[in-house]
Structure formats: structure tokens, C-alpha cells
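Letter by letter, the chains look like this.
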Amino acid sequence: MSATRTLNINENEIISLIPDLSGQTLTGVSGEFSGTSFFIEQDEVKWKTTVSKMPNKKVQSQDIELHSSIGAILLRKAFWTSYSGGDLQGTCTHIHLKKNGTPSNQGNVRYRSVIYLDKKPDLLFPHFIKDTSGYEGSLWLPLRYNDLEFNLYCLPENHILVFDAPNGVSFDQFQKFSGTTRVLFSYLLGISLEQHSCEMALSSDGKTVHEAWWYSGRNRIANSYTPIPSSWGHWATAKRAISIPPLMRHLDDEVLSLVWTNLLNWQDLLVPIEYLLTFHPAPVEMRGALLSVALESLTSCISEKYKSSSPKPLEDKNSWKQLRDALNNLLEQQGTALTGDSKEIFKKRINELNSPTNKAKLTLPFKQFDIEISDEDADAIATRNDFLHRGGLLEESVRKQGDSWREVYYTEMRIYTLTNRLLLAVLEYEGPVINWGETLLGGGQTKYLYQNRKSPPK
């Protein structure tokens, strides 16, 4: 574990660098909006203007170029959402500002993402920021990718997270780094980092803005079911509950840098994370389907990467061939009793009889990553078909019982914990994991387990 470090910042300067378009006179440059005045809500990525007549529908999803005193502005793939009495309002995929005086060859720029939060965050990172005002707090998480160090730090009074890249990272690379960071830490911290944001191209010294992009993002509900103890209170409780190496820090930057690097290098894993981010606000029993798909998506990623195959009901090829041939011969003996279509259906199903079961496919990766699962865990995994194909875990008569939802809840949370453990193992995480499947509702003590770093399958 490295020593605690301090990042010196100037918070007022960071805030003042974000361009403000709200007070600008913005004028359309070409097309039917030429000479028309626009007003922009940059944080919400919305625009409005006044026109003499309803615009041509072809304007939908087209770029609108605007002129301002500070530079050229582009409303990318703009479309209007309402028209009333000459007032036209709309949104776009993003707003792009290229400031006046920006050199065509910007040279060695650095990129920054400012991520807006809906409220003051309750975050504690392992390292400190120190502002020029004298304010100091545990709000900095350095992240390393190979030889590059990125900085993720929080400015709680302004309700923002800042993600800074080092010099030499291209814009396309930065967008990958920034997007992956938002998804990963939304998952780990339980707060939405995918809401509106502003990305900036800065001079190499970070003092001047060349370009800026505003994105509306997605409004997600904060998730109280985090996979790891993300808050300081959860971390303190975990340390009392289980054995954690004394030198390991809360949200350890060495551990999370490895997790982050692995996710950057294996982008397919963003798919199961998306399902895990989506499940918690969904209705009970719908959540089970989303979690089952998350686990299935994750196991498919692992199977594809490591070329693994699950055990078949009949492993001996000769024995299976004899059984299949016998079944096909029996099918042929039915004569005209089966139509051509019916016979083809039976043939297909006979050929698929020796395919691995879904339970076998979903449990194999746990063996590959040396994750022990209990009989209750295996039973929870086996409910996949009920959630996906029957639309629920319980029979209709049982669902009407007042307390029946508890069985569904604990099954879902067991699947959630299993998926978290497997995903974290794949990402080479080491540290405490919250065991939601064993944590009782109604104020019961949160259960934890310690997960050692797992080696990838050979």
C-alpha cells in the first residue's frame, strides 16, 4: 500500500473554467435558423428559440450551428420537442463549443470531465485534496492505467466529481476512460455518475479552455445495494465483522486501479454492469429477470473469452451417439404419424438433448474462478427459468400471500451477490464484499465476506 498523498487544487479556478453559455447572445448561422436568436440550458442540454412558423420536420436530428462572442457552437443532432405560438424548444445529443482563438493544431492538450451530481455526495476517498483556501478532505482517488495516472476527485459543496486525464491522452481515448469510469463507479459507489456532464479540452497547463462538450446523460436512481462497502460507515462495519488486512484502505486506489484497468481492457463487461445498475428500481420479480440476465451475460463473456465449455449430461461421445441414433430410429418408425414439420422439430430437439443445462453454464465460471457456492446459491441460480420464462418465481396462489415477497427478495439478493462476486473476481478485485443474500431485512446486521484476488482461468 502506498503512502497517503495530497492533491493541491484551486476549486474556484476549476469552476470558473467551465464555460457559461447562459448569458451569451447565440445566433443561428445557416439554414432556416439563420439569424435566429437561441437560448441554451447547457447543463440540461436543451435549447429554445422563437420562429415565425413551425420548422420543417427535416430539421429533426440535424446539426444546428450557432455563433457567439466566445466561439462557434454546435447543437449536435438537434431535434425539437415542442412548438407553441412561435416558441420552439428542443434538445440534442450534445452541445459543442469551440472557443475563439483555439489553434487548429492544439498540441499537447489535456482533458477533463466535470460530472454533476443531484445532491451533495457522501464520499470519502483514500487520499486528500487541499484547496488554496486551506480546505482539506479525503476526496481524491488516483487511478493508474499502465504508466498513466488519472485523478478522480470530489468537490462536494459544488455537487460535482472531476475526472482529469494526463497530457497526451487523445479525445477518443479520454471518452473511453471517462465513460468507463462513470459506469464502474456508479456501480461500486451506488450513486449516479451518468447524469449531465461537461468535458473540456484544456491547454497543457490546465489554465485555458479550448473546447467544451455538454452531455445530458441518464437519470438513474441511487442504489443502496452496493457490491462493496463504499461508504465510510459500511467500511467500518465490515472491519468489525470480518478480517481485513490492516494496511488495506477504504476504496483502496491500488485495488480499484486494477479493477478499472481490467474493465477498460474488457469492455464487454459493461453489459452485465448495465443490468446490475438497472435492477434495483424495477418492480419485485422483474428484478429477478434483470439479475438473471446480468449473470447470464457475465457468464457468456467469460465462456467466450476463456473458450470454456460446460459439462454435458452425457459426456462420452460414443454413448451419446448411440442414444441419439436410437431416438432418431424411433422417430423414423412413426411413419406418417408425423408431418415433415413435426419430424424436423423432433429431430432438432433430439440433437439438443445433450446440451449443457443453463444451471451448468451459469455455475461453471464460479468453479473456474474458485468461488465456492452453497446449495442455497445453486438453488437461486436455478430459478433463472422461472424469472425469465414464467415471469416470476412463485405460483399465483402463493403470490397472494402477504409475506410471499420475502422469498422472492432473498432469492434475488442471493443472485445479485453471486453476480457481484463473479464480476469482481473477473476484474481481480480484492477486499470485502457485501453479502446481500444473507443480510436480513428490517435493520438486520449487514453481512460481509472477504474476497481474495482471483487468478484468471488457464
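Residues numbered from 1 in each chain as written. Predicted model: local features only at pLDDT ≥ 70, side-chain atom pairs only at ≥ 80, totals over all residues. Heavy atoms only, no water.

*Asks:* What am I meant to see in the overall build of the protein chain here?
*Replies:* Counting its regular elements, the protein chain contains 13 helices and 17 strands. Expressed as lengths along the three principal axes of its C-alpha atoms, the size of the protein chain is roughly 85 × 65 × 50 Å. For the protein chain, the residues scored as buried account for 49% of the 458 residues in total. By sequence separation, contacts in the protein chain at least 24 residues apart represent 66% of the contacts at least 6 residues apart. (Helix = DSSP H or I, 4+ residues; strand = E, 2+ residues; numbered from the N terminus. Buried < 20%, exposed > 50% of the residue type's maximum accessible area, 1.4 Å probe, protein only. Contact = heavy atoms within 4.5 Å.)

*Asks:* Would you mind going over the packing of aromatic side chains with me for this structure?
*Replies:* Here the distance between the centres and the angle between the planes together describe a pair of aromatic rings. Counted under the stated rule, the structure contains 21 aromatic pairs. Considering the side-chain rings of Phe-163 and Trp-260, the 6.3 Å spacing of their centres and the 75° angle between planes classify their relative orientation as edge-to-face. Of this pair, Phe-163 sits in strand β13 (residues 160-164) while Trp-260 is found in helix α4 (residues 253-265), placing the two residues 97 residues apart along the sequence. In terms of burial, Phe-163 and Trp-260 fall into one category: buried. (Phe/Tyr/Trp six-rings, centres within 6.5 Å; stacked < 30°, edge-to-face > 60°.)

*Asks:* Would you take a moment to explain the pattern of salt bridges for this structure?
*Replies:* Counted according to the given criterion, the structure contains 13 salt bridges. When the shortest N-O distance is used, the salt bridge between Arg-112 and Asp-164 registers 2.7 Å. One end of the pair, Arg-112, is in strand β9 (residues 110-116); the other, Asp-164, is in strand β13, and 52 residues separate them in sequence. You'll find Arg-112 and Asp-164 in the same group, each marked buried. In this structure, Glu-149 and Arg-144 form a salt bridge, with 3.4 Å as the shortest nitrogen-oxygen distance. Look at Arg-144 and you get partly exposed, because its relative accessible area is 26%. (Salt bridge = Lys/Arg side-chain N within 4 Å of Asp/Glu carboxyl O.)

*Asks:* What's the story with the confidence of the model for the protein chain in this structure? I'm lost.
*Replies:* With 91% of its residues at a pLDDT of at least 70, the protein chain reaches an overall mean of 86. By mean pLDDT, the top-scoring element of the protein chain is α4 (97), and the lowest-scoring one is helix α12 (residues 396-399) (49). (pLDDT = per-residue confidence, 0-100.)

*Asks:* I tried to follow unusual backbone geometry on my own but got confused; where do I start?
*Replies:* Residues other than glycine predominantly adopt negative phi, and peptide bonds predominantly adopt the trans conformation. Of note, the phi angle at Lys-77 is positive, near 50°, even though the residue is not glycine. Its location among the elements puts Lys-77 in strand β6 (residues 71-84). Not every positive phi belongs to a glycine, and Leu-251 is a case in point at roughly 50°. Its location among the elements puts Leu-251 in the loop between α3 (232-241) and α4. Taking the relative accessible area as the measure of exposure, Leu-251 reaches 6% and is therefore buried.

*Asks:* I keep staring at the nonpolar core and nothing clicks. Help me out?
*Replies:* Nonpolar side chains in soluble globular proteins tend to end up buried together. Within the largest apolar cluster, 118 residues are counted, with the highest numbers of intra-cluster contacts made by Leu-75, Phe-185 and Trp-260. Broken down by element, this core gets its largest block of residues, 10 residues, from helix α13 (residues 405-426). Not counting residues within four places of it along the chain, the set of residues in contact with Trp-260 comprises Leu-143, Arg-144, Tyr-145, Phe-150, Phe-163, Phe-177, Thr-180, Thr-181, Leu-184 and Phe-185. (Core = buried A, V, L, I, M, F, W, Y, C linked by side-chain atoms within 4.5 Å.)

*Asks:* When you look at the side chain of Thr-417 in this model, what are you seeing that I'm missing?
*Replies:* In this structure, Thr-417 sits in helix α13. On the basis of relative accessibility, which here comes to 4%, the residue Thr-417 falls in the buried class. Those residues in contact with Thr-417 that sit more than four places away from it in its chain are Ile-434, Asn-435, Trp-436 and Gly-437.

*Asks:* Even after reading the chapter, I still don't get helix α5 (residues 270-278), so can you show me in this structure?
*Replies:* Among the residues of α5, those classed as buried are Leu-270, Pro-272, Ile-273, Leu-276 and Leu-277. For α5, the buried positions fall inside an angular range of 160° around the axis, keeping them on one side. (Arc of directions from axis to C-beta.)

*Asks:* Honestly, the pairing of strand β7 (residues 87-91) in this entry has me stumped. Any pointers?
*Replies:* On a regular strand, each side chain points to the face opposite its neighbour's, so the side chains alternate between the two faces of the sheet. Where strand β4 (residues 46-50) meets β7, 5 bridges bridge the pair, whose relative direction is antiparallel. Bridge pairing in β7 places Trp-47 opposite Gly-90. Sheet analysis places β6 next to β7, joined by 5 bridges and oriented antiparallel. Within β7, the residue paired with Trp-80 across the bridge is Gly-90. Here β6 folds back onto β7 in antiparallel fashion, the turn holding 2 residues, of which Gly-85 has a positive phi close to 55°. (Pairing = 2+ DSSP bridges.)

*Asks:* Would you mind showing me how to read the packing of helix α6 (residues 286-306) against helix α9 (residues 358-368) here?
*Replies:* The packing of two helices is summarised by the inter-axis angle and the distance between the axes. For the pair α6 and α9, the least separation of the axes is 9 Å and the interaxial angle reads 60°. The pairing of α6 with α9 is recorded here as oblique in orientation. Crossing handedness for the pair α6 and α9: left-handed. Counted together, Leu-295, Glu-296, Thr-299 and Ile-302 of α6 and Lys-361, Leu-362, Pro-365, Phe-366 and Gln-368 of α9 form the full contact between these two elements. (Axes fitted to C-alpha atoms, helices over the stretch in contact; angles between N-to-C directions. Parallel < 35°, antiparallel > 145°, perpendicular 65-115°, else oblique. Left-handed = near helix turned anticlockwise from the far one by under 90°.)

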